[in-house]
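# Analysis of the macromolecular model
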Amino acid sequence: MTDATDAQALVQEAMNAVLKDYVLVFSSVEGQRVLRHIEFTSYVHESTAVAGDPYGTHFREGMRIGALNIKRRIERGQLVGTIEEPRAVTPSIPHEEGA
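This section reports on the structure supplied with the text. Numbers given for residues are sequential positions, taken from 1 along each chain in its written order. Since the coordinates come from a predicted model, pLDDT governs what is reported: local features require at least 70, and pairs of side-chain atoms require 80 or more to be given and counted, while whole-chain, interface and lining totals use all residues. Values reported for side chains reflect all heavy atoms of the structure, with hydrogen atoms and water molecules removed beforehand.

### Concerning the packing of helix α1 (residues 3-27) against helix α3 (residues 54-79)
Interaxial angle, 0 to 180 degrees, is taken between N-to-C directions of lines fitted to C-alpha atoms, where a helix line uses only the stretch in contact. Strands here are runs of E lasting at least two residues and helices are runs of H or I lasting at least four, both read from the DSSP assignment and numbered beginning at the N terminus. Axis separation between α1 and α3 bottoms out at 8 Å; the angle between their running directions is 105 degrees. By the angle class used here, α1 and α3 are roughly perpendicular. On the side of α1, the interface is formed by Met15, Leu19, Lys20, Tyr22, Val23 and Phe26, while α3 contributes Ile70, Arg73, Ile74, Arg76, Gly77 and Gln78. Per-class residue counts for the contact of α1 with α3 are seven nonpolar, two polar and three charged. Oblique is the label for any angle not under 35 degrees, not over 145, and not in the 65 to 115 range, which are roughly parallel, roughly antiparallel and roughly perpendicular in turn. Every residue pair with non-hydrogen atoms within 4.5 Å of one another is taken to be in contact. For this classification, Asp, Glu, Lys and Arg are treated as charged, while Ala, Val, Leu, Ile, Met, Phe, Trp, Tyr, Cys and Pro are nonpolar and the rest, including Gly, are polar.

### A short note on the pattern of salt bridges
The rule for a salt bridge is simple: a side-chain nitrogen of Lys or Arg has to be within 4 Å of a carboxyl oxygen of Asp or Glu. Taken as a whole and judged by the stated rule, the model has two salt bridges. Between lysine 71 and glutamate 39 there is a salt bridge, with the nearest N and O atoms lying 2.7 Å from each other. Taken together, the positions of lysine 71 in helix α3 and glutamate 39 in helix α2 (residues 29-41) put the pair 32 residues apart, joining distant regions of the chain. With a shortest N-O distance of 3.5 Å, glutamate 61 and arginine 64 are connected by a salt bridge. You can see glutamate 61 and its partner arginine 64 sitting in helix α3, three residues apart, about one turn around the helix.

### Some remarks on the nonpolar core
As used in this record, nonpolar core signifies buried Ala, Val, Leu, Ile, Met, Phe, Trp, Tyr and Cys residues forming a set joined through side-chain atoms within 4.5 Å. Exposure is judged per residue with a 1.4 Å probe applied to protein chains only, and the accessible area is read against the type maximum: over 50% gives exposed, under 20% gives buried, and values in between give partly exposed. In this structure, Phe26, Leu35, Ile38, Val44, Ala67, Ile70 and Ile74 together form the largest nonpolar core, which totals seven residues. Residue assignment for this core shows that the elements contributing at least two residues are α2 and α3. It is α3 that provides the largest number of residues to this core, a total of three residues. Beyond its immediate sequence surroundings of up to four residues, alanine 67 is in contact with Ile38, Ser42 and Val44.

### Looking at the environment of phenylalanine 26
Tracing the chain through its elements places phenylalanine 26 in helix α1. By relative accessible area, which is 11% here, phenylalanine 26 ends up buried. Dropping the residues within four chain positions of it, phenylalanine 26 is found in contact with Gly31, Gln32, Val34, Leu35, Ile38, Ile70 and Ile74.

### A closer look at α2
Helix span is expected to be 1.5 Å times the residue number reduced by one. Taking 1.5 Å of rise per residue, the 13 residues of α2 would be expected to cover 18 Å, and the 19 Å separating its terminal C-alpha atoms lies within 8% of that figure. Buried within α2 we find Gly31, Leu35, Ile38 and Glu39. Down the axis, α2 shows its buried residues gathered within 100 degrees of arc, on one side only. For α2, the exposed residues set more than 90 degrees away from the buried face come down to Val29, Arg36 and Phe40. It is the directions from the helix axis to the C-beta atoms that the arc portrays.

Laid out in structure tokens, this is it:
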């Protein structure tokens, strides 16, 4: 393994640990209550459009994206360990004869 591959494996391991933490935190009754509150206050289940106010719309959409990112990390955390992680492909340099 190369240093870059080792570093990439460490980063992936750390990310997997964080994803598992999302699952742990939000799988409790309290975590589910907090997640519902985040969804409610972040416009996940309603329109983010603010009539006549594009800045208000952008603000609400930014809040919504934050909440959706949390939900996506929970979903990804539930998959950690159930599927094989993709391996990094290191491009090979063709060997020239006589070089």
